[in-house]
Each structure stands twice: as C-alpha cells, then as structure tokens.
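For reference, the chains in residue letters:
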Amino acid sequence: MSNHTDFPSNNEDNTNAMTQKTDVKPILENAELKSAELNSEHSENNEAESNDVESNDVENDLAIEEFFSPNNSASMADDFKAGYVAIVGRPNVGKSTLMNHLLGQKLSITSRKPQTTRHRIHGILSNHEMQAVFVDTPGIHRNEVRAINERMNKAAVSALVDVDLVLFVVDSDQWRDDDLLVLQKLGDTNLTVVLVINKADTLKDKGSVLPLMETFNDSFDFADIVPVSALKNQNLDRLQEVIASHLPIAAPIYDTEQITDRSERFLASEIIREKIMRSAGDEVPYDLTVQIDGFKDEPAHTDPKTGRPRKACTFIDATIYVERSGQKAIVIGDKGQRIKQVGMDARKDMEQLFDKKIMLTLWVKVKRGWSDDERALTSLGY
C-alpha cells in the first residue's frame, strides 16, 4: 500500500488542472473596490476617533485649567470689582467685630478693653461680584503716652494710604473727641468715606437714627451713611452693596479662597492675647504681648516606639510677656488655673481656624518696659 497521498495520475489532467486560466480582472477590480471601501471606512473611523480624542483633550484641558485656576473666573461677574477698604475709628467702636461679621469668620481678636487691636490686619471678602480687602486698624486716639501708642496711631493712619474706600465706624449713641480726631485725619485726604453707624440696635428710639445721620452728613461729605449692628449682623448686606458700589472694576487681588494675608504664627499669637484679656478682664493691664517661639507642623506618622498611628499635628510654643512680676502672677492664676484655661480656649479657636490638631505650650515671662522700648517693640513685631 502506498504511503503517498493520491493525486491525479494523469499528467495531462494534472497539468490542465494546475494551469487552467481564470479571468482575474473582475476579481482584482472587486478586491480593489472592497479595499477602497474598507480604507475609506477605516479612515472615517480614525478621523472620528481622532476628533473625539481631540475634543476630549480640549475638554480635559479646560477642566484642569478651571480646577487649578486660583480665581475661578468662570463664576465672576463681567464687571467684577476689587479694592482695599480701610476700617477706621476711635478705640472700642466695634471695628474688629464689624470685619469679622462681614467675613463670616473670626479673624481679628475682640474684647471689651480699648485698643485690643494693635496691628493692621487684612481680611479678604470674596464673592462673584467683588473682592474687598478689609484693613482692620488700631483705634486712633490722642493719648500717645508710650511708644506703643504712637506706633498704633501710625499703623492706623498709614492704612489710609493707597486704599480705595474708607469705612469710618462710630458708636450710635456716643460721639467723643477721638471721633473728631479721626474725622480730621480723613479730612486731610481725598478718599471716599462711608460712615458706618454701629450698634444701631441699642438706640431706644429707632426714629432717632435719621436725625443722627443728618447731623453726621452736615459735618462731612460722606459718600454714604449706613446704620448697622455688627454684633447682630443687621444691615450688613446693605453695607456690602454700598462697598461694592464704590470699588473700582478690577481683577481679584488675592486668591478668592484666601481670607487673610497674615501668617498662622501671627494669628496664633493674637488668639492667645485675646484669651488672656478676656479671661482676666480688668485684672490684667494693657502691658502684655505674645511671641511665638516655635511653630512646627508634624505630618501623620507611625510612632516608632509604640507602633501606633499618630495624626497630623502642629506644635506651638508661645511666650507671654508682661512688665512686672505681679502681672505674671495674675496671668498664671491660682495654681496655674488661669493660664491652663487660656491654653485650652486658645487651642480650641486655633483648631477651628486652622482646621488641624494643635498642641500648645505657654510660658509667662517678665520683660520690663517693653511697651515703651523702641527696640523691644520692633523685635516683637510692632
């Protein structure tokens, strides 16, 4: 039996079978036509896919650009306005309270003691129509008995340089010599001034507001007069409208998510000082200040000794300076209870403001005559 595969044994038949002619022209034409159709379809698909890819790339680029845009210009009004707004007035008329409530965020410290604010503090209010950069200033006063008083007055007056608008804050039922002093300072400028009559809610006769507004308007050419209650958030929407109407059309000055240009170190020192002044009341004299000695951010990590996870935390060391030993005892309190409570209250406010865990260590030291020492004031940031 042959192991070979059967083939036609007739050579002629085999040859004829192998060499039989076929008309290949129609087949080639059909093949070329089919190939052209496939190529055309493939080209169209590629072009569509390419267009889709390009469209997606553009959309992605726009999304990324919008996400990382600091000012989110897509949500801004075409006639967006921006500018600096100085808040001035005599001590204890509610300037810091006004700024805090306009911002909806506690930024400037407050207390019943006059001249609580010692530094210029910028608070930034942003919405889709405007960005107002408020400059909260120390109260302008006549008695420059020490170097610190002189520096505070200079800080307040210098805030009037290069601002677009001034809010002159007065108490609704008290007009004092220091109010007149502030008005005289404003009269030396060509600035647009809005009179803000604060604590209007305390007036027993609400009808007396109109005569009061007329009296103030006769004394100075105010651009607007707005009665408010900063503490109770009354008429602040109207005040914001007035502020916006007097600001120039301009791009935002700061990132619209930013609320201040001050550092966390500065804000921490102010919070501590506020808690001492609130806790001790009239027991603590004006002569105290706070210096931040250490401010260290520690990321979340595993404790190498215990193996336990530890949350992210900021460690703050601060020194409270007073001028006399008796003042030191007052700040520390009986068995250290006052300084302990000050630390707890300050830490709570810091964690809310900074949105992170805080470990706070406080020290109290005597630094004699610091409030009337130019070098000491400079070293302490005044």
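Not measured: the values here are computed from a predicted model.

A. Highlighting the confidence of the model for the protein. A residue-level look at the protein finds 66% of positions with pLDDT of 70 or above and a mean pLDDT of 75. The least confident element of the protein, judged by mean pLDDT, is helix 1 (residues 11-19) at 36; the most confident is helix 7 (residues 236-246) at 96. In the model, residues 66-74 has pLDDT below 50 throughout and makes 9 contacts with residues more than four positions away in sequence or in other chains. Here residues 113-118 is a poorly scored stretch, pLDDT under 50, and it has 33 contacts once near neighbours within four places are set aside; other chains count.

B. Up close: unusual backbone geometry. The phi torsion at asparagine 92 lies on the positive side, around 70°, for a residue other than glycine. Secondary-structure assignment places asparagine 92 in the loop between strand 1 (81-88) and helix 3 (95-103). The class for asparagine 92 is partly exposed, based on a relative accessible area of 38%. Its identity as a non-glycine residue notwithstanding, lysine 335 has a phi of 55°, on the positive side. In this fold, lysine 335 is placed in the loop between helix 9 (325-332) and helix 10 (337-354). The class of lysine 335 is exposed, set by a relative accessible area of 76%.

C. View of the packing of helix 9 against helix 10. Where helix 9 meets helix 10, the closest approach of the two axes is 5 Å, and the angle between their N-to-C directions is 60°. Relative to helix 10, the element helix 9 is oriented oblique. Along the contact surface, helix 9 presents Ile330, Val331 and Ile332, while helix 10 presents Gln337, Arg338 and Ile339. Broken down by class, the residue content of the contact of helix 9 with helix 10 amounts to 4 nonpolar, 1 polar and 1 charged.

D. Structural context of the nonpolar core. Counting residues in each nonpolar core, the largest one holds 52 residues, and the members touching the most others are Leu98, Phe134, Leu167, Leu239, Ile243, Ile272 and Met350. Setting aside residues up to four positions removed in sequence, leucine 239 forms contacts with Leu98, Leu102, Leu167, Val196, Val226 and Val228. By size, the runner-up hydrophobic cluster in this structure holds 20 residues, among which are Ala86, Leu203, Met213 and Phe220.

E. Highlighting the sheet that holds strand 10 (residues 313-322). Taken together, 3 strands build an open sheet; the order of strands is 7-10-11 and the sheet is mixed. Both edges of this open sheet fall to strand 7 (288-298) and strand 11 (358-366), since each of them pairs with a single strand only. With strand direction ignored, the average angle separating the axes of adjacent strands in the sheet is 15°. With 9 bridges connecting them, strand 10 and strand 11 associate as parallel partners. The partner of valine 322 across the bridge, within strand 11, is valine 366. Across the sheet, helix 8 (residues 264-280) is in contact with strand 7, strand 10 and strand 11; its angle to strand 7 comes to roughly 135°. Strands strand 10 and strand 11 of the sheet are contacted by helix 10, whose axis makes an angle of about 135° with strand 11.

Criteria and thresholds
Residues numbered from 1 in each chain as written. Predicted model: local features only at pLDDT ≥ 70, side-chain atom pairs only at ≥ 80, totals over all residues. Heavy atoms only, no water. pLDDT = per-residue confidence, 0-100. Helix = DSSP H or I, 4+ residues; strand = E, 2+ residues; numbered from the N terminus. Contact = heavy atoms within 4.5 Å. Buried < 20%, exposed > 50% of the residue type's maximum accessible area, 1.4 Å probe, protein only. Axes fitted to C-alpha atoms, helices over the stretch in contact; angles between N-to-C directions. Parallel < 35°, antiparallel > 145°, perpendicular 65-115°, else oblique. Nonpolar A, V, L, I, M, F, W, Y, C, P; charged D, E, K, R; others polar. Core = buried A, V, L, I, M, F, W, Y, C linked by side-chain atoms within 4.5 Å. Pairing = 2+ DSSP bridges.

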